[in-house]
Amino acid sequence: MPNATTTVVRPVDQTLAAALRLATLFAAIKLVLHIVATAWEQHIGYSYFRDEFYYLICGRHFAWGYVDQGPIVAIQARLGELIFGKSLVGIRMFSAMAGAARVLLTGLLVWALGGRRPAQTLAMIGVLVAPQYLGIDSYLSMNSFESIFWMGCLFSLIQVVRGRSERWWLLFGVAGGIGLLNKPSMTFFLVALLAGLLLTRQRRVLFSRWAAAGVAFLILIALPNLLWQIHYHWPTLEFLHNGQIENKNIKLAPLPFLWKQILNMQPVAVLIWGAGLVWLFRNPAAKGWRWLAWTYLLFLAAMMALHAKDYYVSPIYPILYAAGGIAWEMRFAQRAAVRQDRAFAFPVMETVLLVVAVVVLPMSIPTMPPAQWIAYAKAMHLYNASDNTENEASGALPQFYADRFGWREEVDEVTRIYHSLSPEDQKKVGILCSNYGEASAINFLGHGLPFAISGHNNYWLWGPHGYTGEVMIVVNGASPEEMRKYYDSVTVAGRMDSPLSMPYERRNIYLVRGRHKNIVDDWDDFKHYI
């Protein structure tokens with residue numbers, strides 16, 4: 001008689017399947033919103049954002065680290081360019097997908113904490129309409145991915161705390177390690193998370209071989225970036241230090257910093273995530289999750305103390321939205337809609353969130369032509385210069401929008417100057433720019449031009465490309481008199497002068513000859529990490 005075999009069929013968790021279906025629906029809405037918004041934005045005249053050019057050029061020069069970012073955004077940029085070419089919608093696709101993943105993770109976090117459909121929907125709508133998320137998910141950046149890695153760590157630990165398999169620590173290690181490759185701020189989050197666990201009884205989950213394996217996995221994944229930092233003498237630390245001493249960013253006192261959190265997440269939504277924070281701290285049903293509240297408060301305090309940009313706290317809010325959805329669900333448990341497990345159990349609150357989102361949407365995504373936007377922002381009292389995160393003066397548009405104008409004009413001017421040169425000069429001319437935006441726009445949008453160099457951030461590490469300074473096209477904010485201190489011949493050959501760009505980008509383009517000191521020999525003096 002043949003040996004009998006038995007197949008063990010594990011029951012499918014129906015609550016997880018239902019939560020996943022609902023979360024996937026909201027994630028799809030988020031993805032479609034950004035695809036449509038980017039196509040519309042391009043139609044009404046907005047172009048690439050300054051940093052997008054830089055990330056795309058970093059993607060063409062892959063390394064395990066960069067002066068001002070980790071390697072993940074370079075991979076994102078390179079894949080976007082390889083798959084979609086120069087399509088603005090395509091290049092931003094991965095950020096839109098990351099935003100969709102944040103919404104999906106929020107829904108799954110609600111499920112993991114014990115919430116049902118009413119809590120899920122309220123939490124996901126809150127995340128879906130948050131102005132900060134709408135903004136960062138609408139362009140190519142590393143910021144859109146942060147929540148995935150942070151919430152991936154929290155989701156994994158929630159499973160461990162709930163008594164599920166300790167192998168979830170391995171996912172924690174993957175999320176944490178890749179998160180460190182994405183952005184250095186992951187370090188501060190992990191420290192806050194560790195402290196939050198140590199302050200509660202859930203510290204016990206830290207002392208297991210699987211926890212050690214997860215942490216080892218995290219370190220192993222992040223190690224190439226650490227070795228890169230050591231090899232190049234810690235350029236990211238130098239970059240951060242220079243930003244502090246040169247007063248690059250606006251420094252907010254604690255109360256204004258807190259107010260910016262409310263604005264970034266949408267003022268109405270504080271009724272959700274604020275309720276979530278209170279629920280985590282005070283509700284007996286959330287006693288096992290106090291470490292999540294401590295993690296948020298410790299991280300918030302650290303960002304305040306370090307005078308970080310206010311949006312650096314944004315990646316952590318999905319867990320508070322998830323907790324807030326549950327707080328609402330428990331508070332109104334006797335409502336018929338909640339008892340019946342309806343998805344839209346809080347129609348008034350959800351409608352208010354959506355209406356406010358429509359009103360403030362133009363402040364996150366440029367859905368109006370510039371002139372119309374300026375009139376709208378003025379009429380609604382929605383913008384003033386203090387809304388910027390950096391100290392550079394802005395013009396009619398905030399920096400986030402102004403940095404999408406003037407690049408095509410710059411490239412056209414440089415191309416015209418280049419083609420005005422003799423064939424002999426074209427063979428030896430170099431292009432020197434004062435910052436990575438100017439250089440990267442030329443290198444990405446230009447055709448047949450020499451590689452533009454700069455001393456700004458990672459461009460300094462890429463070097464002077466052998467340019468001597470014999471003949472140069474130079475884009476900077478210096479006066480002709482200042483330029484003559486370095487060159488024998490100085491001619492104003494063109495100008496960047498878009499009225500919608502940042503004021504400091506309205507500057508001369510010089511054709512210069514005979515640099516007094518060879519650029520290669522003088523390259524150390526060009527270094528500018530900020």
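Asker: Can you break down the layout of surface pockets residue by residue, with the values?
Answerer: If you add up the space inside the second largest pocket, you get close to 490 Å³. Lining the second largest pocket are 21 residues, with L432, N476, Y486, R515 and F526 positioned closest to its centre. At the level of secondary structure, the elements contributing two or more residues to the lining of the second largest pocket comprise β1 (430-433), β3 (471-475) and α25 (480-483). Counted by class, the lining of the second largest pocket contains nine nonpolar, six polar and six charged residues.

Asker: How would you sum up the packing of aromatic side chains? Please name residues and give values.
Answerer: The final tally for this structure, using the stated rule, is 36 aromatic pairs. Judged by centre distance (4.8 Å) and plane angle (75 degrees), the rings of Y459 and W462 are edge-to-face. Highlighted residues: Y459 and W462, both in helix α24 (residues 458-462), separated by three residues, approximately one helical turn. Each member of the pair, Y459 as well as W462, is classed as buried. Directly above the aromatic system of F332 lies the positively charged group of R331, at a separation of 5.2 Å from the ring centroid. Over the ring of F332 we find R335; its NZ or CZ atom is 4.5 Å from the centre of that ring.

Asker: Give a detailed account of unusual backbone geometry, specifying residues and quantitative values.
Answerer: Notably, W234 is not glycine yet its phi reads approximately 55 degrees, a positive angle. Inspection of the secondary structure puts W234 in the loop between α11 (209-231) and α12 (235-245). Here H381, not a glycine, exhibits a phi torsion of approximately 55 degrees, which is positive. Mapped onto the fold, H381 is located in the loop between α19 (370-380) and α20 (399-402).

Asker: Break down the pattern of salt bridges for me, citing the residues and quoting the values.
Answerer: Any two side chains of opposite charge can pair if their charged atoms end up close together. Within the structure shown, the criterion is met by 21 salt bridges. Here D412 ties to R408 by a salt bridge, and the two come within 3.3 Å at their closest N and O atoms. Of this pair, D412 and R408 both sit in helix α21 (residues 407-419), four residues apart, which is roughly one turn of the helix. Look at the salt bridges and you will find they share partners, linking E41, E52, R92 and R404 into a network.

Asker: Explain helix α10 (residues 185-198) to me, and be specific about the residues and the numbers.
Answerer: An ideal rise of 1.5 Å per residue puts 20 Å on 14 residues; α10 measures up with 20 Å between its terminal C-alpha atoms. In this structure, the buried side of α10 is in contact with α8 (143-161), α9 (168-182), α11 and α15 (290-305).

Asker: Explain the environment of K248 residue by residue, including any values.
Answerer: Relative to the helices and strands, K248 resides in the loop between α12 and α13 (254-265). Residue K248 is classed as partly exposed on the basis of its relative accessible area, which comes to 24%. Along the chain, K248 and R404 lie 156 residues apart, while their C-alpha atoms are 20 Å from each other.

Asker: Describe in detail a nonpolar patch on the surface, supporting the description with residues and values.
Answerer: Taken together, L170, F217, L220, L223, L226, L227, I230, W234, L237 and L240 make up a surface patch of nonpolar side chains, about 880 Å² in accessible area. Considering every element that reaches the nonpolar patch, the biggest residue donor is α11, with six residues. Position of L226 relative to the elements: it lies in helix α11.

Asker: Hey, could you go over the nonpolar core for me, with residue numbers and the actual values?
Answerer: Membership of the largest hydrophobic core comes to 90 residues, with the highest contact counts inside it found for F189, W289, W291, I316, Y317, I319 and Y321. Broken down by element, the residue count for this core peaks at 11 residues, all from α8. Within the second largest apolar cluster, 42 residues are counted, among which are Y66, I417, W462 and M496.

Asker: Describe in detail empty space enclosed by the protein, supporting the description with residues and values.
Answerer: Enumeration according to the criterion identifies two cavities of 30 Å³ or more in this entry. Estimated volume of the largest cavity: approximately 50 Å³. If you trace the largest cavity, you find it lined by R102, Y133, I136, N143, E146, S147, Y311, S314 and P315. For the lining of the largest cavity, the elements supplying multiple residues, two or more each, are α7 (131-136) and α8.

Asker: Which residues make up the sheet that holds β1, and what values do they have?
Answerer: Where strands meet in a sheet, backbone hydrogen bonds hold them as pairs that are either parallel or antiparallel. Read from one edge of the open sheet, five strands run β2-β1-β3-β5-β4, paired in mixed fashion. Among the strands making up the open sheet, the edge pair consists of β2 (452-454) and β4 (487-496). Going across the sheet, the axis of each strand differs from the next one's by a mean of 30 degrees, ignoring polarity. Contacting β1, β3, β4 and β5 (507-515), α21 runs over the sheet at an angle of about 135 degrees to β4. This element, helix α23 (residues 436-445), spans β1, β2, β3 and β5 of the sheet and lies at about 165 degrees to β2.

Asker: Account for the pairing of β3, with residues named and values stated.
Answerer: Among the five residues in β3, five count as buried, and that is most of the element. Neither face of β3 is left uncovered, since the one carrying V471, I473 and V475 and the one carrying M472 and V474 both have all their residues buried. Where β1 and β3 come together, four bridges link them in parallel fashion. Each bridged residue has a counterpart across the sheet, and for G430 the counterpart in β3 is M472. Pairing of β3 with β5 involves five bridges; the strand directions are antiparallel. Among the inter-strand pairings, I473 is bridged to a residue of β5, identified as L511.

Calculation criteria
- Residues numbered from 1 in each chain as written.
- Predicted model: local features only at pLDDT ≥ 70, side-chain atom pairs only at ≥ 80, totals over all residues.
- Heavy atoms only, no water.
- 1 Å grid on protein atoms, 1.4 Å probe; cavity = no way out; pocket = protein on both sides within 12 Å on 5 of 7 lines; lining within 4 Å.
- Points joined across faces, edges and corners; volume = space filled by probe spheres on them.
- Helix = DSSP H or I, 4+ residues; strand = E, 2+ residues; numbered from the N terminus.
- Nonpolar A, V, L, I, M, F, W, Y, C, P; charged D, E, K, R; others polar.
- Phe/Tyr/Trp six-rings, centres within 6.5 Å; stacked < 30°, edge-to-face > 60°.
- Buried < 20%, exposed > 50% of the residue type's maximum accessible area, 1.4 Å probe, protein only.
- Lys NZ or Arg CZ within 6 Å of the ring centre and 35° of its normal.
- Salt bridge = Lys/Arg side-chain N within 4 Å of Asp/Glu carboxyl O.
- Expected span 1.5 Å × (residues − 1).
- Contact = heavy atoms within 4.5 Å.
- Patch = residues over 30% accessible without salt bridge, like charges linked within 9 Å, V, L, I, M, F, W, Y side chains within 5 Å.
- Areas by Shrake-Rupley, 256 points an atom, 1.4 Å probe, with all protein chains shown as cover.
- Core = buried A, V, L, I, M, F, W, Y, C linked by side-chain atoms within 4.5 Å.
- Pairing = 2+ DSSP bridges.
- Axes fitted to C-alpha atoms, helices over the stretch in contact; angles between N-to-C directions.

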